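# Structural overview
Below, each chain spelled out in residue letters.
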Amino acid sequence: MFDFVGKRNFYYLLSLLVLIPGVISLLIPPTLKPGIEFSSGTTFTARFQNAVKEEDLRSELAKIGHPEARVQRTSENKFLIRTTELKGTAQAPDLGPAPAGERENLETALVDKFGNMIDAKGEVVNRFIEYASVSATVSREIGQKSAFAVVAAAIAILLYISWAFRSIPNPFRCGIAATIATMHDVVLLMGAYSIFGKVFNMEVNTMFITGLLTVIGFSVHDTIVVLDRIRENSQRYPDLPLHTCVNNSILQTLGRSINTSTTVVLAVVALLLIGGVTIRPFLVVMLIGVITGTYSSIFVASQILVTWEEGDVPRLFRRVLPKRAPAVSEG
Amino acid sequence: MHRRTDRILLVFIVVLTAFSLVTMWPSEPWRYLPKFIPWPEGQGIKIPFFKMNGATIEGSTLERRAMRLGLDLRGGTRLVLEADTSGQSDVDVNKALDNAINIIERRVNAFGVSESEIQRQGSNRIAVQLPGITASDAIKKIGKTALLEFREFQRDAEGNVAVYQNGEVTFVPNPSLEDAVWVPSRAIGSDGLEKELTGRYLTDAFPGSDAAGLPTVDFRFNSEGARLFEQISGRLIGQPLAFFLDGEPIRNKDGRIEAPTVQAVIKDKGQITGMNTSEVDYLVKLLRAGAMPVPLKVVQQEDVDATLGEDSVQKSVIAGEVAMLIIGLFMVLHYRLPGVLASLALFVYTTVVLAVFKLWPVTLTLAGIAAFVLSVGMAVDANILIFERMKEELRIGRSLVVAVEEGFARAWSSIRDSNVSTLITCAILFWFGDQFGASLVKGFALTLAVGVIISLFSAILVTRTFLRIVIGIPWARRAGLWGSDLPGRGAIAEREVSGVSTGGGR
């Protein structure tokens, strides 16, 4: 039988090695490239009938007052543009027609310069086919609430697991182990996105937060399956040491873990390859999250239970600090 | 054994699937399915039902033709408007926002937008969703503040009233209210300037009754409004005075322009007579709406072109179909006969979920489609958990019948606990989305939750019934059909249940 549990310190090391690049990237500002939902601003998609060069579009935007505009080609003659928040869209007077907002001015200017703008079917519409704008007050709130949602999800799940596993000794440890495994996945994903932001200009938006929360759900789902087996085995064979019990449980659930992850990964890859561009950031999060979620339930959550039971951490401290240890206990 | 119950359940599943399939079948199937087969067009579904209306029971029908799609899939505009209370410390934001919502609803209805949504969001915001409308149209129509005006006939020097008919303005002595040209009533204010009397000078409007006990609308002006109204009413005795909201005359329930004749000089308070109670309530609501203007500004805006959405729907549905085929193939190759049953269960699951989405109706968004695919993954996971458990039972020499039952019994606790944790995440996501009106996130959470709940039903009922029925068929008991890595030689012996100990510390 393969001894998963005996190599736990190796897995911790592996996790650390995978986490370190992301954490370093998170420490170097800009931590994460915020999307408009988190930093305010406007994004829009313009599709031109004629060939337009990215740099021409950029210089034209700078000329009409948006030197900060970021232009990204998404497909043939279709561009995703991000600027600071475009104003003047809502200050309509009490009577009479509303004056053209900054958006309309921009549309007119780009059509004058580059020719007709078209929709997805190729019809001339001369307006942006996708447009989103978020003001600073709203983006601040979204940021706070996102952080709150992630923390709330973690706490709710910690409490739920502690309750669901109340029949085994130290149920709280299960909750903590699952939470650490989940945080492992969250940090890894944020690190990955920090790197993506720096390399591919990938932005963090509400879709990313949705993906992150889904991964939390999935990771816990996966951890519970392994913990459930540990719960069952510890009840069936109460005399077995936890070390062996956890190892058996991992071996027994391994087939299921791999097969489930494979099916979800297959589904996500299919969506990634064929589905729309809009949910791509979400799907990338899901793809990484499913893999790390499966890994963390086997190699982090379950191992922490053993580490805790066998007192690895105090032992490590005693080994590293042999002389100071008594002084600490005296103080 | 449960032979009889299983057969009844199977019939139930078949009927449910057939019903769901008819319900969810798309009206344009060729967009999502291979074109070389002439698929029948979906006709939607009509479900007659009875509802209590007071003491009588009357028939009604629930009709659904198409899935309800979110803005990202069908195109349209979403706006978040914030009440701008700067410099107006005495404004009751709560009341002002409720009124603003009434006004926006009225304007949107005038637009004729179907399935629009107008919601209060947080303490000082309103979220508006308008399918199929471009942003500039939407903002022009709803972005401005409601304006109540008092208008009178436009008259020439001889006192004849201007009438607009067939594109020409003529002057006649006694026009109909409909044809007359109405101009805002003006008077000299306390600062010596001529100004229009508008709703900003109203302090309140409420239902009342006159000396004869007939319902009236009573209203009050502030001092400046009273000064203006005194001059105007004095000038207009014996003439009609109309109320205009956003440039449109206020009409009573019969559709006639509401233009009472001025009876006397009025200062700070006035009374409008000649209406029934419901008309009074309606006018009071409108007057209050006009009387409580609160400037709204757009703090968040999103709009998607309809053509882009159409493209996304097709792509996502096809991606979903491919994903399902791959999952089915994987299950069949890996688990053999149980895999075939799981794929069938997956088919049942998909049709039921889509039918529920259509009937509820759940607004489908791109994120919702992703959630649906994820819930498929979780539904499959339940099957995988059960099959892996069954295999374990078979390996230690249990009979097929026992292995199926034990596989279910033992997998259940992990299926239950893991799905509950997903539902908890869904609840938090829903709250998160609700906080700032992100229909994308809310749609995702709702779709995932519906999917997870139905996947529990599918694992427990559908897969189990299929397995129980199949193990009753002799040829299906061949070991080779139950998993590639079993040490099976020929048929797995079906031992009597009573002869097998459930074993292992139980």
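Residues numbered from 1 in each chain as written. Chains lettered and ligands numbered in written order. Predicted model: local features only at pLDDT ≥ 70, side-chain atom pairs only at ≥ 80, totals over all residues.

### Observations concerning the overall build of chain A
- Within chain A, the regular secondary structure consists of 11 helices and 4 strands.
- Taking 2.2 N^0.38 as the reference for a compact globule, 331 residues should give roughly 20 Å; the C-alpha atoms of chain A span a radius of gyration of 26 Å, well beyond that estimate.
- Projecting the C-alpha coordinates of chain A onto the three principal axes gives extents of approximately 80 × 50 × 40 Å.
- In chain A, which comprises 331 residues, the proportion classed as buried is 45%.
- In chain A, once contacts between residues fewer than 6 apart in sequence are set aside, the share between residues at least 24 apart is 73%. (Helix = DSSP H or I, 4+ residues; strand = E, 2+ residues; numbered from the N terminus. Rg over C-alpha atoms; globule rule 2.2 N^0.38 Å. Buried ≥ 20, exposed ≤ 12 C-beta atoms within 10 Å, placed from the backbone. Contact = placed C-beta atoms within 7 Å.)

### Some points on unusual backbone geometry
- Note that the residue after Trp360(B), namely Pro361(B), is joined by a cis bond; omega there is -10 degrees.
- You will see that Arg336(B), though not glycine, has its phi angle at about 55 degrees, which is positive.

### Focus on the interface of chain A and chain B
- Tallying the contact residues gives 64 residues for chain A and 67 residues for chain B.
- For the side of chain A that touches chain B, the secondary-structure elements that each account for two or more residues are β4 (130-134), α5 (136-164), α7 (206-236), α8 (242-274) and α9 (280-309) of chain A.
- Tallied by class, residues from the side of chain A that touches chain B come to 35 nonpolar, 18 polar and 11 charged.
- As defined by bridge partners, β4(A) adjoins strand β17 (residues 296-304) of chain B across 5 bridges and the pair is classed as antiparallel. Residue Tyr131(A) lies in a different strand from β17(B), and its bridge partner there is Asp303(B). (Nonpolar A, V, L, I, M, F, W, Y, C, P; charged D, E, K, R; others polar. Pairing = 2+ DSSP bridges.)

### With respect to the domain arrangement of chain A
- The domain boundaries assigned to chain A delineate domain 1 (5-35 + 137-314) and domain 2 (41-91 + 100-134).
- Distance from the C-alpha centre of domain 1 of chain A to the C-alpha centre of domain 2 of chain A: 40 Å. (Domains from an automatic or database assignment.)

### Some remarks on the confidence of the model for chain B
All names here are of chain B.
- Taken as a whole, chain B shows an average pLDDT of 78; of its residues, 84% reach a score of 70 or greater.
- By mean pLDDT, helix α6 (residues 277-291) is the weakest element of chain B at 68, and helix α8 (residues 337-359) is the strongest at 90.
- Reported for the predicted complex are a pTM of 0.73 and an ipTM of 0.79. (pLDDT = per-residue confidence, 0-100.)

### As for helix α1 (residues 3-24) of chain B
Residue and element names in this part refer to chain B.
- For α1, spanning 22 residues, the distance from its first C-alpha to its last is 31 Å, which sits close to the expected 32 Å at 1.5 Å a residue.
- Those residues of α1 not exposed but buried are Ser 20, Thr 23 and Met 24. The buried residues of α1 occupy an angular sector of 75 degrees when projected down its axis, which confines them to one face. Turned more than 90 degrees away from the buried face of α1, the exposed residues are Arg 3, Arg 4, Ile 8, Val 11, Val 14, Val 15 and Ala 18. (Expected span 1.5 Å × (residues − 1). Arc of directions from axis to C-beta.)

### A word on the confidence of the model for chain A
Residues and elements named next belong to chain A.
- Mean pLDDT over chain A: 82, with 92% of residues reaching 70 or higher.
- Ignoring residues within four places in sequence, the model shows residues 89-99, a span with pLDDT below 50, making 22 contacts including any to other chains.
- In the model, residues 325-331 has pLDDT below 50 throughout and makes 2 contacts with residues more than four positions away in sequence or in other chains.

### Concerning the sheet that holds β4(A)
- With antiparallel pairing, the 8 strands of this open sheet are ordered in space as β2(A)-β3(A)-β1(A)-β4(A)-β17(B)-β3(B)-β5(B)-β4(B). The open sheet terminates on both sides in strands that have one partner only, identified here as β2 (70-75) of chain A together with β4 (117-121) of chain B. Direction aside, neighbouring strands of the sheet carry axes that sit 20 degrees apart on average.
- For strand β1 (residues 41-47) of chain A and β4(A), the ladder comprises 5 bridges, and the chain directions are antiparallel. Within β4(A), the residue paired with Thr45(A) across the bridge is Glu130(A). (Axes fitted to C-alpha atoms, helices over the stretch in contact; angles between N-to-C directions.)

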